[in-house]
Amino acid sequence: MNSFLNAERPPVFCPGCTHERITHTLDQAFQDMGLVGHQVVIVSDIGCSGLFDTFFHTHAFHGLHGRALTYAAGLKMARPELKVVVTMGDGGQGIGGAHLLAACRRNLDLTLLILNNFNFGMTGGQFSATTPPDAQLGSGFLNQLERPLDICEVARSAGAPYVMRCSGFRKNLAEEIQRAIAYKGFSVMDIWGICPGRYTKKNRLTTKTIDDALAKLPPLEGMVAENTRPEYGQHYRKIAAVQKKAAKPAVIEAQYEAPQIGRQEVILLGSAGQRIITAGELLCIAGLTAGLKTTQKNEYNITVLRGPSISELILSPEKIDYTGIDMPSVVVALDQEGVDRRGNLFKHLAKDALIIQISGVTLPANKADIHRVDLKAQSIKRTDWALASLAVLAKLEKVLQPEMLEAALKIKFKGKTLTSSLDLIGRVEIGEWA
Amino acid sequence: MAYSLLEGNEAIARGAIAAGCNFFAGYPITPATTIYHSMLNLLPSAGGICLQGEDEIASIGFCLGASMAGMKVMTATSGPGISLYSENISFAVGSEIPIVIVDVQRLGPSTGSATRGADGDINFLRWGSSGGLPVIVLAPVDVNDCFTLTMHAFNLAEKFRCPVFIASNKEIGMTRENIDLDGLDLPEIISRTPAPLNRPFQPFQTDTGQTVPGFLSIGDNVLVRQISSTHDPHGYITTDPDEIARSQNRLKDKLLSAVDHFTFHEAFNMDNAATLLITYGVTARAAKAVYNQQCRQGNPISLLVLKTLWPVPEHLIRQVARTVKRIVVVEMNMGQYVREIKRILPEKQIDFLGQMDGRLITPAQITETIDSE
Ligand code: SF4
């Protein structure tokens, strides 16, 4: 078999670095699998382990520190047939911890080789997420204060279906790497090694002490039975294949005439949970059924079920530029929270503006015409008040007409929702002038 | 007339699909989330891929991987997410990875106000990545722009192999508006140019006069190298200063020398106007109302609505400003793009109106600024 190693770019690791051993072992594994270069992509990040992609005749993607698993996920989803091998150090594992957890949970068919040498080699031997507290390193006393992470235990509890912890000097390492690559799912190998350039300058670590330390830990030798499940990519494609095609946006023909000529500005002042935004959308659709241009600008707090909810609607025969409303022709006061939020607008209301005041809401001083409706007394649920207020407007022939609202409901809703909303707008009583 | 009713975010999603987008990854964030929802609704059933990353860094990382495998990719977020994208944005700039990035801006700084609009990221989009090389930023004004500029954004990302930003705003993205989808003026779809196969492939090789390297996908038969570090045409790390200078200059020139070909804008030039209003984004809507009103009242002004913000379309701005004495720049922030206008037109009087409190700048405020001379 031909070696995958790039003859023009031989490895440049420090003498005795385990990374070099693993470079040759990975080459052996690729050869033994009978692969060719373009079937493989090596995804690496920053640090000495990030040099890996340079030494191989495969596709290569070398990116930011700790983010290799994210690029690998995009590559694998785009090219399911590629063997995606990710090399990262213990440093990359620390900074990219969230991605490791997510990769374990996701179970996309990637192979992660962690070249764990217990410190940041390239930047001067600072402590990493796996450095023992008693090590003497470039971070002074700081590593004494932190507990090292057991990457394999983390990977296993996060759902990785294939986890292996081993020494970089393990006799059959090429075979084990091959087994991990062949596994259909996310496979993690935590490979312990020696960094003579930095770590072993002041710390004793040999093949023997690595073996002894590994022997004290519960063995993890690959498949994790309780985490075995369908591979993400296959699973995704299976479910995606049966998703319903998205509908095209409804095209709304002009078929009615709006009751007033000219621009109408409506503001719905309510609170979260009153379906203010849906009512606003319905009014816009109703406007489209009369051939008008329309905009809907909403304001609400980030909380879903609390706080004011406001919708500003413009219906106009002309193109609408500015979407804000300063002088509405209609104000619908559905809830005190919305009214209080826009308390300022009332004193500027024109004399011929109309306020629909739902019983229970107090209005600031104003000169507008007020029309009162007691929706509670009509046994209409609070969640339907916004829609009911549109029905009141329609029956008063203000801004829209009943057939425009009916058409809007038929465009927006189907089935039971349609029936009940049609029923609602039919039975709403219009209230009285104040 | 027959219209549909769409919010800006959905129009961006539909524009993306129309441009050939087949990969989206995002992370929920108001006010951009409905782009993700729309893509989830549109893409998987159409054979594309839509993913939710574990964070914004993962979302853009997925996109960069997929783009290098040949897909047309998009992600969408707001200011806090752009902050997290930053390192990967500079990767996409320096390593020439096509990607469309939507920023539905919200009121900052920081987590700011999720449901209030602003145009506070305009300089951040340009300057918020290491290395400081140019990027393309397009700014939609309305739902039509959301659709068509997104298509242009894909074309530019493909043509120039670079990140292209859509600088939207909560007030565009989450505002619903009538749109005539069949009546839009849509561009032809452009895809990245493949590298010639009759010579050994170098991922970053450009011939004389060529500013963008030919592309091959990771996963195809010819080996491709992608690398975030300073690289030579082969995609290997280089320390050769001449080589580095050549590549940095090329990255700069490929966009700066071409901006006249993608200077999207609307100019309303009145011959006898003394004042030129320059603005962009949602604020352009208030400015148009002012422009119409001033014309009606017989005090005409000129109006320039910029839709390509970066690289700065200097030729266009100089040309439109030629005849006016005074320029009023209006932005939904505390004064960002006005710096560019001052830089380009040092001989003109330049006044500024800015506001960043979650409210739209009103036509009345603009009129007041115009009259306040
Ligand atoms: S610094 Fe350490 S990890 Fe880096 S090449 Fe040298 S020995 Fe290997």
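As the structure is a prediction and not an experimental result, all values here were calculated from the model. (Residues numbered from 1 in each chain as written. Chains lettered and ligands numbered in written order. Predicted model: local features only at pLDDT ≥ 70, side-chain atom pairs only at ≥ 80, totals over all residues. Heavy atoms only, no water.)

**Notes on the overall build of chain B**
Alright, step 1. Along its length, chain B carries twelve helices and 15 strands.
Alright, step 2. Taking 373 residues into account, the globule formula puts the C-alpha radius of gyration at 21 Å, and chain B, at 21 Å, falls close to it.
Alright, step 3. Across the 373 residues that make up chain B, the buried fraction comes to 65%.
Alright, step 4. Considering only contacts within chain B whose residues lie at least 6 apart along the sequence, 75% involve residues at least 24 apart.
Alright, step 5. Approximately 12900 Å² of chain B is accessible, and the part contributed by carbon and sulfur atoms is 49%.
Alright, step 6. In chain B, 29 positive and 38 negative side-chain charges are present, and the distance between their average locations comes to 3 Å. (Helix = DSSP H or I, 4+ residues; strand = E, 2+ residues; numbered from the N terminus. Rg over C-alpha atoms; globule rule 2.2 N^0.38 Å. Buried < 20%, exposed > 50% of the residue type's maximum accessible area, 1.4 Å probe, protein only. Contact = heavy atoms within 4.5 Å. Areas by Shrake-Rupley, 256 points an atom, 1.4 Å probe, with all protein chains shown as cover. Lys, Arg positive; Asp, Glu negative; His and termini not counted. Charge placed at Lys NZ, Arg CZ, Asp CG, Glu CD.)

**Structural notes on helix α13 (residues 402-412) of chain A**
Alright, step 1. Looking at α13 of chain A, one finds that the buried residues are M404, L405, A407, A408 and L409 of chain A.
Alright, step 2. For α13 of chain A, the secondary structure elements touched by its buried residues are α10 (276-289), α12 (385-395) and α14 (415-427) of chain A.

**Some remarks on the sheet that holds strand β14 (residues 369-373) of chain A**
Alright, step 1. Across the sheet, which stays open at both edges, the ten strands sit in the order β8(A)-β1(B)-β8(B)-β10(A)-β11(A)-β9(A)-β12(A)-β13(A)-β14(A)-β15(A) with mixed pairing between neighbours. The sheet is open, and its two edges are formed by β8 (252-253) and β15 (432-433) of chain A, each paired on a single side. (Pairing = 2+ DSSP bridges.)

**A few points about the sheet that holds strand β2 (residues 59-62) of chain A**
Alright, step 1. With mixed pairing, the eight strands of this open sheet are ordered in space as β7(A)-β5(A)-β6(A)-β4(A)-β3(A)-β1(A)-β2(A)-β9(B). Two strands lie at the open edges of the sheet, namely β7 (221-223) of chain A together with β9 (225-227) of chain B, each paired on one side alone. Strand after strand, the sheet turns through a mean of 15 degrees between neighbouring axes, direction not considered.
Alright, step 2. Of the strands in this sheet, β5 (162-167) and β6 (187-192) of chain A are in contact with helix α8 (residues 207-216) of chain A, which crosses β5 of chain A at around 140 degrees. (Axes fitted to C-alpha atoms, helices over the stretch in contact; angles between N-to-C directions.)

**Here we look at the domain arrangement of chain B**
All names here are of chain B.
Alright, step 1. By domain assignment, chain B separates into domain 1 (1-262) and domain 2 (265-371).
Alright, step 2. Placing a centre on the C-alpha atoms of domain 1 and another on those of domain 2 gives a separation of 27 Å.
Alright, step 3. Contacts between the two partners involve 31 residues from domain 1 and, on the opposite side, 26 residues from domain 2.
Alright, step 4. Taking both partners together, domain 1 and domain 2 bury about 2300 Å²; carbon and sulfur atoms supply 58% of that area.
Alright, step 5. Between domain 1 and domain 2 we count two salt bridges in total.
Alright, step 6. Between D145 and K307 there is a salt bridge, and its shortest N-O distance comes to 2.9 Å.
Alright, step 7. Joining domain 1 to domain 2, the criterion identifies 14 residue pairs in polar contact (both at pLDDT 80 or more). (Domains from an automatic or database assignment. Buried area = accessible area lost by both parts, 1.4 Å probe. Salt bridge = Lys/Arg side-chain N within 4 Å of Asp/Glu carboxyl O. Polar contact = N/O pair within 3.5 Å; in protein donor to acceptor, adjacent residues only side chain to side chain.)

**Structural notes on the site of the ligand**
Alright, step 1. The local shell around the ligand consists of F13, C14, C17, H19, C48, N117, G121, C195, P196 and G197 of chain A.
Alright, step 2. When grouped by side-chain class, the residues that make up the shell around the ligand number six nonpolar, four polar and no charged. (Near = heavy atom within 4 Å. Nonpolar A, V, L, I, M, F, W, Y, C, P; charged D, E, K, R; others polar.)

**Details of the domain arrangement of chain A**
Alright, step 1. Taken domain by domain, chain A consists of domain 1 (18-240) and domain 2 (264-433).
Alright, step 2. Inter-centroid distance (C-alpha atoms) of domain 1 of chain A to domain 2 of chain A is 58 Å.

**Things to note about the nonpolar core**
One broad rule of soluble globular proteins: the nonpolar side chains tend to lie buried together.
Alright, step 1. Residues F23 and M74 of chain B are the most contacted members of the largest nonpolar core, which totals 160 residues.
Alright, step 2. Here this core gets ten residues from one element, more than from any other, and that element is helix α6 (residues 143-160) of chain B.
Alright, step 3. Counting 47 residues, the second largest nonpolar core, distinct from the first, contains I252, V373, V399 and L400 of chain A. (Core = buried A, V, L, I, M, F, W, Y, C linked by side-chain atoms within 4.5 Å.)

**Considering the packing of helix α1 (residues 8-18) of chain B against α6 of chain B**
Residues and elements named next belong to chain B.
Alright, step 1. At a closest axis distance of 7 Å, the pairing of α1 and α6 adopts a crossing angle of 35 degrees. When you trace α1 past α6, the crossing you get is right-handed. Contacts between α1 and α6 involve G8, A11, I12, R14, G15, A16 and A18 from the first element and V143, C146, F147, T150, M151 and F154 from the second.
Alright, step 2. Looking at the contact of α1 with α6, its residues break down into nine nonpolar, three polar and one charged. (Left-handed = near helix turned anticlockwise from the far one by under 90°.)

**What about the interface of chain B and chain A?**
Alright, step 1. Tallying the contact residues gives 69 residues for chain B and 68 residues for chain A.
Alright, step 2. Where chain B abuts chain A, roughly 5600 Å² becomes buried across the two surfaces, and 55% of that area is made up of carbon and sulfur atoms.
Alright, step 3. Counting across the interface, chain B meets chain A through six salt bridges.
Alright, step 4. E299 of chain A is the salt-bridge partner of R116 of chain B, the closest N and O atoms lying 4.0 Å from each other.
Alright, step 5. At the boundary of chain B and chain A, one finds 32 residue pairs in polar contact (both at pLDDT 80 or more).
Alright, step 6. For the side of chain B that touches chain A, the residue count by class is 35 nonpolar, 19 polar and 15 charged.
Alright, step 7. With three bridges joining them, β2 of chain A and β9 of chain B adopt parallel strand pairing. By the bridge assignment, A60 of chain A is partnered in β9 of chain B with R225 of chain B.

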